[in-house]
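So you can see what is in the structure, the chains are spelled out below.
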Amino acid sequence: MAGNGRKLASAALLGALVFASPVKAQDGAASFAQDLTNCAGAVAAHAGIDVLAYPRGASGEWADVLGGIIEAMNREEGVQGMTGRYAASAARAYWAEQPREAREAAANTCRARFGRG
C-alpha cells in the first residue's frame, strides 16, 4: 500500500509541475496552417465545392482560388495532403453554417490573401 501512496504523490507532483509551467505562445507556423485550412473551408463553402474531392467537379474562378490555397497547404508542414483536406472539410462545415454574407466576406479575404484566382 505504501508504494501506491508514493506513486500517487509522484503523479500529483508531476501534474502540478505540468500545470504550473508557463504557457507558451502558439507556433506561428501552426497558425499559418490553420489560416490556410480555414480559408480553404471558407472558399469551399462559399463556392459549394467539396474540398475532399477537389478538383473533381470544380470549375470557375473559385475553383482556381481553392486550388491555390490547397497548393499552399501542400507546402505547409502539418497540413499536406489529406490531413489538410480533412481540416479544410471541417472548416467548410463551419462556414456552411454561417450567414451568406460572412461566408462571402471570408472567401474574398482568403482570395486576396492566398488565392491565385
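Here, the structure is the one placed above.
Residues numbered from 1 in each chain as written. Predicted model: local features only at pLDDT ≥ 70, side-chain atom pairs only at ≥ 80, totals over all residues. Heavy atoms only, no water.

Asker: Let's hear about a nonpolar patch on the surface: which residues, and what values?
Answerer: A grouping of L52, M82 and Y86 is seen on the molecular surface, where their side chains present a nonpolar patch of about 290 Å² in accessible area. The topology assignment puts L52 in the loop between α2 (28-47) and α3 (61-75). (Patch = residues over 30% accessible without salt bridge, like charges linked within 9 Å, V, L, I, M, F, W, Y side chains within 5 Å. Areas by Shrake-Rupley, 256 points an atom, 1.4 Å probe, with all protein chains shown as cover. Salt bridge = Lys/Arg side-chain N within 4 Å of Asp/Glu carboxyl O. Helix = DSSP H or I, 4+ residues; strand = E, 2+ residues; numbered from the N terminus.)

Asker: Tell me about the packing of aromatic side chains, and name the residues and values.
Answerer: Summed over the entire model, instances satisfying the criterion amount to two aromatic pairs. Summarising the aromatic geometry, the rings of F32 and F114 are spaced 5.5 Å apart at their centres and angled 65° between planes, so their arrangement reads as edge-to-face. Taken as a pair, F32 in helix α2 and F114 in the segment after α5 (100-113) lie far apart in primary sequence, 82 residues in all. Assessed through its relative accessible area of 13%, F114 is described here as buried. (Phe/Tyr/Trp six-rings, centres within 6.5 Å; stacked < 30°, edge-to-face > 60°. Buried < 20%, exposed > 50% of the residue type's maximum accessible area, 1.4 Å probe, protein only.)

Asker: Mind laying out the state of the cysteines, listing which residues take part and the relevant values?
Answerer: Joining two cysteines, a disulfide is a covalent bond between their sulfur atoms. Evaluated as defined, the whole model comprises one disulfide. Here C39 engages in a disulfide with C110; their sulfurs sit 2.0 Å apart. Taking the sign of the S-S torsion, about -75° here, the bridge from C39 to C110 comes out left-handed. Of the two residues, C39 is situated in helix α2 and C110 in helix α5; the sequence distance between them amounts to 71 residues. Relative accessible area serves as the criterion here: at 6%, C39 is assigned to the buried category. (Disulfide = S-S within 2.5 Å.)

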